[in-house]
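These are the residues of each chain, in order.
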Amino acid sequence: MRPAALPKTGRDKEDILRELRNYQKDDPSYERGRVWSLVYYLGAEHDSLLQEAYNYYFSANALNPMAFKSLKRLENEIIWITAALLHGDGNVCGVMTSGGTESCLLAVKTYRDYARAEKGTKNPEMILPQTAHVAWEKGGEYFGVKPVYVPLDDDYKVDVEAVKRLINKNTIMILGSAPDYPHGIIDPIEELGRIGESRGIPVHVDACLGGFILPFIEKLGISLPKWDYRVPGVTSISADLHKYGFAAKGASTITYRSLDILKYQMFVSTEWPGGVFASPALLGTRPGGAYAAAWASLQALGEDGFVSITKQVIESTRKLMEGIRAIPGSKVIGRPQASIFSFRSIDANLNIFAVADQMEQKGWHMDRLQKPDAIHVTVTPAHSAVIEEYLTDLKNSVEYVRKHPESAASGSAATYGMIAHIPLRRMVKKQVLEMFAQLYGPEGKMINMTSSVPGEENEGGIPTGHEESDKTPGREAPGLLNRIIAAYVKLRQSRE
Ligand SMILES: Cc1ncc(COP(=O)(O)O)c(C=O)c1O
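Below or above, wherever it landed, is the structure these notes cover. (Residues numbered from 1 in each chain as written. Predicted model: local features only at pLDDT ≥ 70, side-chain atom pairs only at ≥ 80, totals over all residues.)

1. Quick look at the overall build of the protein chain
Move 1: Scanning the protein chain from terminus to terminus reveals 15 helices and 13 strands.
Move 2: Against the 2.2 N^0.38 benchmark of 23 Å for 496 residues, the protein chain shows a C-alpha radius of gyration of 24 Å, consistent with a compact globule.
Move 3: Counting only C-alpha atoms and orienting by the principal axes, one finds that the protein chain spans roughly 65 × 60 × 50 Å.
Move 4: In the protein chain, buried positions account for 44% of the 496 residues. (Helix = DSSP H or I, 4+ residues; strand = E, 2+ residues; numbered from the N terminus. Rg over C-alpha atoms; globule rule 2.2 N^0.38 Å. Buried ≥ 20, exposed ≤ 12 C-beta atoms within 10 Å, placed from the backbone.)

Take a look at the structure:
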């Protein structure tokens, strides 16, 4: 029998809440600035406002904009505020979505249908920088649009000349990020806009990360290249409220320069027995609470609030980047202009994933990147108080790894390093798919990134690192990433 079942009789509120808190006890502490992505925490007072606002609309459903008119009003106001921040004119229009991924998916679907209707495009392709968020690849897979990846220039921006070469009659859109998730670099949007305009191809700016911080960086007097509706060729922008808009999770926006494009995002059914049905986005039921909390966040902070938060975040980012640049052997990638960046090792004897392992032992939640191997950092207000501590721990971790080069061959340094460099990506994909099947399969097994596979030999003789395992009774997951290594080693051996 599985460990959890519906209780026979209902439980007490206190009992339920206690257990929920208990479930959280091993989660990383974002309130103490331990997490460097995923959460944008502004403090208990702001959270409490979001929760109250969310509660007012807890049950309200924006599925039918005719039913809860107040939700449509909130959505309108949020879209208009967003459009103004992005320097859109009065024609810019859009919808709220559940998050960045939904916004990106919608753009793929919209431009596919736009190109199909306006140009008769049958085999759609989209031009993506190599650093485009993975949501774009997902959108391509869901909606049958082929992603055409563009290499980066030396500054990790999309290579504009390569964009020109890769455009063909099937190109339905060009993407630029402002900034990209992995390295926090803003693509040359003005140049992409010029290309799009001259070739009659829509240009989408993925500002899911930057949409609610770049405008305030500019208001601080820091100059940025133009990246929003000021660029004539830009036809749409995604901007997330649940990131630097400090809203509750489940809130993003997608706006278009004109309704002529937005209308291709809409879905209408006239024959459903449930009635004539129209929907502007991917979801059916749309959570009113997330709209109310997003609206409340914008109202609570106002322009002054956003500017002062941005100032604090940018100061922390600069301090952190300076500290990292001062550590011999480490290098900040490209020239990040906002509050997101990544750093890597430029010393063959310093394994960056081994450094990440040391940092995790000190209580930091680390985000690892590949191509190149690096560590990602998204700076938020929760980090201001921990910059010095992070830098001290980082220096000590770097020193430890220098003194213990063998640490690169164990723990997640070994598994992540190996995965990043295994050339057979299809095999990696198959194995990861299998892991996910286990995670969501009947037993809901938790993934353990580094432990060895119980009952299986470590076939390649590759060190497996910490043998730490999931502690949930009956839920022990094998060292899933090690399966990839084992499969790879087996394959290599069979070829030798
Ligand atoms: C540039 C960019 N686009 C899209 C997304 C996807 O957003 P979400 O995680 O809200 O779906 C992210 C998330 O970090 C992002 O950084």
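2. Examining the site of the ligand
Move 1: Contacts to the ligand come from 13 residues, most closely from Gly 99, Gly 100, Thr 101, His 133 and Cys 208.
Move 2: For the shell around the ligand, the element with the highest residue contribution is helix H4 (residues 100–119), accounting for three residues.
Move 3: Among the residues making up the shell around the ligand, the classes are represented as five nonpolar, five polar and three charged. (Near = placed C-beta within 6 Å. Nonpolar A, V, L, I, M, F, W, Y, C, P; charged D, E, K, R; others polar.)

3. Considerations on the nonpolar core
Move 1: Ranked by size, the top nonpolar core spans 116 residues in total, and within it Tyr 291, Ala 292, Ala 293 and Ala 294 carry the most contacts.
Move 2: Of all the elements, helix H10 (residues 288–325) adds the most residues to this core, at 13 residues. (Core = buried A, V, L, I, M, F, W, Y, C linked by C-beta atoms within 7 Å.)

4. Focus: unusual backbone geometry
Move 1: The residue after Ala 178, namely Pro 179, is reached through a cis peptide bond having omega -10 degrees.
Move 2: Looking at where Pro 179 falls in the secondary structure, it is placed in the loop between strand S4 (171–177) and helix H7 (189–199).
Move 3: With an omega of 5 degrees, the peptide bond running from Lys 371 to Pro 372 counts as cis.
Move 4: Secondary-structure assignment places Pro 372 in the loop between strand S12 (367–369) and strand S13 (374–378).
Move 5: One non-glycine residue, His 87, adopts positive backbone phi at about 60 degrees.
Move 6: Its place among the elements puts His 87 in the loop between helix H3 (69–85) and strand S1 (93–97).
Move 7: Positive phi is not limited to glycine here, since Tyr 156 has a value of about 70 degrees.
Move 8: Relative to the helices and strands, Tyr 156 resides in the loop between strand S3 (146–150) and helix H6 (160–166).

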